[in-house]
Amino acid sequence: MTRRTQFRILVALTLGWMVWAGLSLVDRPESFTLRVVDDVGIPIDQAVVAKGSRQLGLTGADGLVVLHSSDIPIQVSAPGHIPTTLSLPTRGSETVDAVLKARLLRGRVVDATGHPVAEAVVTAGSGVATSDAGGRFTVRGAEPGVVRVERPAWEPTMMEWAGGPGETEITIEPLRIKAVHITGEAVAERLDEFVAMAIETELNGLMVDLKEESGLVLYESTVPMVEEVGAAAALFDLDEVVAVAQARDLYLIGRIVAFQDPIAALSAPTMSVWDAATNMPFTSNGQYFLDPTDPGARAYAIDLAVEACQMGVDEVQFDYVRFPDSRPESVTFKAGVTVDIRTQSIRSFLLEAVAALHPEGCAVAADVFGFVTTARDDGGIGQHWVDIAMVVDVVSPMIYPSHYSTGWYGFDEPGEHPGPVVDRALADGLGRLPRQLVVRPWLQDFGYDSSQVRAQIEMAEERGLGWMLWNAYSNVTTDALLPAG
C-alpha cells in the first residue's frame, strides 16, 4: 500500500469520525445561539449552561444564550426542570434548541371534610399554579422541597415534596377568626383595651372601621376622593394599628362602608342615587346612598381598600354593598334597577375588588343582610347569596335575631330565641354554598345578656365557624367570651 493511499485512508477515517461527532471542519461555525425551552416550547429564563464545573452562561427571558462551538459537549439545567447534556450537531446551524422537561407537581387541594378548595395558590420553588373548581392543580416547573399552599382567609399550609411522580392531596383549613366591632373612636381611645381583650379571651382578630356609615374616612388616607368630598377624619394611625396587630399575631380586618355615604352623596351628587321627585340625592331615614352602578362610586371604595391592603390590613370587609332597601319609583340609577342589574352590579363590584386586592395579599369580605342566607332572590337590594358566595373570600351574614319579624323560622318573636335563629340562618346559608369559602357571621351583641350572646356564638362554633360581635358603640359583652387558651 503506497503512502498516498495510506494518507487518503487516514483522512477518510478522520473525517468520518468528525462527521459522526458533529464536528464538520467545513460547516461548523465558531459560535452559535442556544435556545432553551421547556417541553411545550416556552422559553426558559435563567437556564444555566455549563461545561463540567465551569458556567458558560445564563439564558435571557427569550431563552437564548450565545456560546462558542469549542465548548461542546455542554450541560443545561434550570430550576424545576430535568437537566440535559447536549453534544451539538451544528452542521449548517447557528441556532440550536435544548429542550428541558418540566417537573410536574400534580394534586388536589381539599378542606378537612374532603371537599375541593378552588383558587388555592400552590407554589413549589418558582413554579406556581391555582387549583380549579375541583381542587385540582398542576404546577409546571415545580422544584423539590417546600411546597406552600395559600388562599386568602385560609391557613397557609406547607409540605415537603421529593420531586417524584403521582398526585398529592393537600388539606387546608379556613381561618376561624373571632373578633368584635371596633369603631374609629374606640380605635383612637381604647385600642389597648381591645388588644388586652384579645390576649385574655378567645378573640384572635381586630375588626376596625376604616370608613363608617357617616361617610367619614377614619384613618389618614391619600386617596384623592377623600379630600375632594370632605370625608377626612383621621382619628387614628392605621400604620400603628397594623404594627400592634402584627406584634400580637392578630388578624386585622378593615371595614369599609361602600355605598351608604351621606358625605360623598351630597358633595359629589353625580355619584349618588338620584330622586327625580325632589331633584336631589335620594335620602331615607337619614341615609344617603352612592349609586352601585356608578363607576366613580365603585372606584372610591376599591381605592380605599387597596390603600388599606398596602398598609398591612389582612382583609377588607365591604359593608352596605347593596342598593337602598326602601326606595320610591322616583329613585333612579345610572344603569337601571332591574333584578338582573342589581345582582350583576353587586357581583361585578366584588369581582373588581377581588381583582384589585388579591395581588396586594388581602382577602375580600362582604357583609350581607341575615335574611339573605334563606332568601332565594336578592331581596330587592342586589344581595343574592349564591352570586356573592361565588366571588368573595369571606361572606358575613348579619344574623341579628331581634331584626327578624314574626314568623321567621317558625317563631312569633324571633328575637327571644337568639341561638335557634342563628342556628337556622346558618343552616340555610351553609346548605346553599356554591363552593368552599369562609362564612363568618356577624352576631348580635346589643339588647342581650351574656348567656344570649354566648348562645349565638355556640351555634357558629358548632359548625366550625369564626364569628364577629356587633355593637354599634363597641361595648362588648366580655362575659360572653371564653378565656384564652
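What you see is a predicted model; the values in this text were computed from it and never measured.

Topic: the overall build of the protein
- Assigned secondary structure in the protein consists of 10 helices and 30 strands.
- For the protein, whose C-alpha radius of gyration is 31 Å, the value lies well above the compact-globule estimate of 23 Å for 485 residues.
- Dimensions of the protein, computed from C-alpha atoms along their principal axes, come out at roughly 120 × 55 × 40 Å.
- Within the protein, the fraction of its 485 residues that count as buried is 51%.
- For the protein, the accessible surface area stands at approximately 21,800 Å², while carbon and sulfur atoms represent 53% of it.

Remarks on the nonpolar core
- By size, the foremost hydrophobic cluster in this structure holds 98 residues, and its most contacted members are Tyr-300, Phe-318 and Leu-350.
- When residues no more than four places from it in sequence are discounted, the contact partners of Leu-350 are Phe-318, Val-321, Ala-366, Ile-388, Val-391 and Val-392.
- By size, the runner-up hydrophobic cluster in this structure holds 32 residues, among which are Val-109, Ala-153, Met-207 and Met-398.

Thoughts on the pairing of strand S9 (residues 121-124)
- Burial along S9 is one-sided: the residues Val-122 and Ala-124 are buried and none of Val-121 and Thr-123 is.
- Relative to strand S10 (residues 127-130), S9 is paired through four bridges, and the arrangement is antiparallel. Across the sheet, Ala-124 pairs through a bridge with Gly-127, a residue of S10.
- One ladder, built from four bridges, connects S9 with strand S12 (residues 145-150); its direction is antiparallel. Looking across to S12, one finds that Ala-124 is bridged to Val-147.

A few points about the pattern of salt bridges
- Under the criterion given, the structure shown has 25 salt bridges.
- One salt bridge in this structure joins Arg-140 and Asp-39, with 2.7 Å as the shortest N-O distance. One end of the pair, Arg-140, is in strand S11 (residues 136-140); the other, Asp-39, is in the loop between strand S1 (31-38) and strand S2 (48-51), with 101 residues separating them in the sequence.
- Judged by relative accessible area, Arg-140 falls into the partly exposed class, the value being 32%.
- Judged by its relative accessible area of 37%, Asp-39 falls in the partly exposed class.
- Between Arg-136 and Glu-167 there is a salt bridge, and its shortest N-O distance comes to 3.1 Å. With Arg-136 in strand S11 and Glu-167 in strand S14 (residues 167-171), this pair connects stretches of sequence that are 31 residues apart.
- According to the relative accessible area criterion, Glu-167 is exposed, its value standing at 57%.

Looking at helix H9 (residues 418-430)
- Between its terminal C-alpha atoms H9 stretches 18 Å, which fits the 18 Å expected from 13 residues at 1.5 Å a residue.
- Of the residues making up H9, those classed as buried are Pro-418, Gly-419, Val-421, Val-422, Ala-425, Leu-426 and Gly-429. Here the buried residues of H9 occupy an arc of 165° about the axis, which is enough to place them on one side.
- Check the buried side of H9 and you find it contacts helix H8 (385-389), strand S27 (394-399), strand S28 (438-439), strand S29 (442-444) and helix H10 (450-462).

What about the sheet that holds strand S8 (residues 104-110)?
- Ordered by their spatial adjacency, three strands build an open sheet running S11-S8-S14, and the pairing between neighbours is mixed. Looking at strand neighbours, the two that pair on one side only are S11 and S14, the edges of this open sheet. Strand-to-strand twist of the sheet, defined as the mean angle between neighbouring strand axes without regard to direction, takes the value 30°.
- Relative to S11, S8 is paired through five bridges, and the arrangement is antiparallel.

Observations regarding the confidence of the model for the protein
- Considering every residue of the protein, the mean pLDDT works out to 93; 93% of them sit at 70 or more.
- Here residues 7-26 is a poorly scored stretch, pLDDT under 50, and it has 12 contacts once near neighbours within four places are set aside; other chains count.

Structural notes on the pairing of strand S24 (residues 315-319)
- The element S24 is largely enclosed, with a buried count of five among its five residues.
- Taking every second residue as pointing to the same face, both faces of S24 are buried, with Glu-315, Gln-317 and Asp-319 on one and Val-316 and Phe-318 on the other.
- One ladder, built from five bridges, connects strand S19 (residues 251-257) with S24; its direction is parallel. Within S24, the position partnered with Ile-253 by the bridge is Glu-315.
- Bridge count between S24 and strand S26 (residues 363-369): four bridges; the pairing is parallel.

A short note on the packing of aromatic side chains
- With the rule as written, the count across this model stands at 10 aromatic pairs.
- On the basis of an interplanar angle of 45° and a centroid distance of 5.8 Å, the ring pair of Phe-369 and Phe-371 is categorised as tilted.
- Grouping aromatic residues by their ring pairs yields a cluster made of Phe-259, Phe-318 and Phe-349.

Some thoughts on helix H6 (residues 295-310)
- For H6, with 16 residues, the first-to-last C-alpha span of 22 Å sits near the 22 Å given by 1.5 Å per residue.
- Among all positions in H6, only Ala-297, Arg-298, Tyr-300, Ala-301, Ile-302, Leu-304, Ala-305, Val-306, Glu-307, Ala-308 and Cys-309 are buried.
- Looking at where H6 begins, the residue whose side-chain oxygen comes 3.0 Å from the main-chain nitrogen of Gly-296 is Asp-294.
- Downstream of H6 by one or two residues, Gly-312 has phi in the positive range, about 120°.

A closer look at the packing of H6 against helix H7 (residues 339-357)
- Two numbers describe how H6 lies on H7: the axes approach to 10 Å, and their chain directions differ by 30°. In terms of orientation, H6 lies roughly parallel with respect to H7. Crossing of H6 over H7 shows right-handed handedness. Contact residues: H6 offers Arg-298, Ala-301, Ile-302, Ala-305, Val-306 and Cys-309, while H7 offers Ser-345, Ser-348, Phe-349, Glu-352, Ala-353, Ala-356 and Leu-357.
- Within the contact of H6 with H7, the residues separate by chemical class into nine nonpolar, two polar and two charged.

Conventions used here
Residues numbered from 1 in each chain as written. Predicted model: local features only at pLDDT ≥ 70, side-chain atom pairs only at ≥ 80, totals over all residues. Heavy atoms only, no water. Helix = DSSP H or I, 4+ residues; strand = E, 2+ residues; numbered from the N terminus. Rg over C-alpha atoms; globule rule 2.2 N^0.38 Å. Buried < 20%, exposed > 50% of the residue type's maximum accessible area, 1.4 Å probe, protein only. Areas by Shrake-Rupley, 256 points an atom, 1.4 Å probe, with all protein chains shown as cover. Core = buried A, V, L, I, M, F, W, Y, C linked by side-chain atoms within 4.5 Å. Contact = heavy atoms within 4.5 Å. Pairing = 2+ DSSP bridges. Salt bridge = Lys/Arg side-chain N within 4 Å of Asp/Glu carboxyl O. Expected span 1.5 Å × (residues − 1). Arc of directions from axis to C-beta. Axes fitted to C-alpha atoms, helices over the stretch in contact; angles between N-to-C directions. pLDDT = per-residue confidence, 0-100. Phe/Tyr/Trp six-rings, centres within 6.5 Å; stacked < 30°, edge-to-face > 60°. Polar contact = N/O pair within 3.5 Å; in protein donor to acceptor, adjacent residues only side chain to side chain. Parallel < 35°, antiparallel > 145°, perpendicular 65-115°, else oblique. Left-handed = near helix turned anticlockwise from the far one by under 90°. Nonpolar A, V, L, I, M, F, W, Y, C, P; charged D, E, K, R; others polar.

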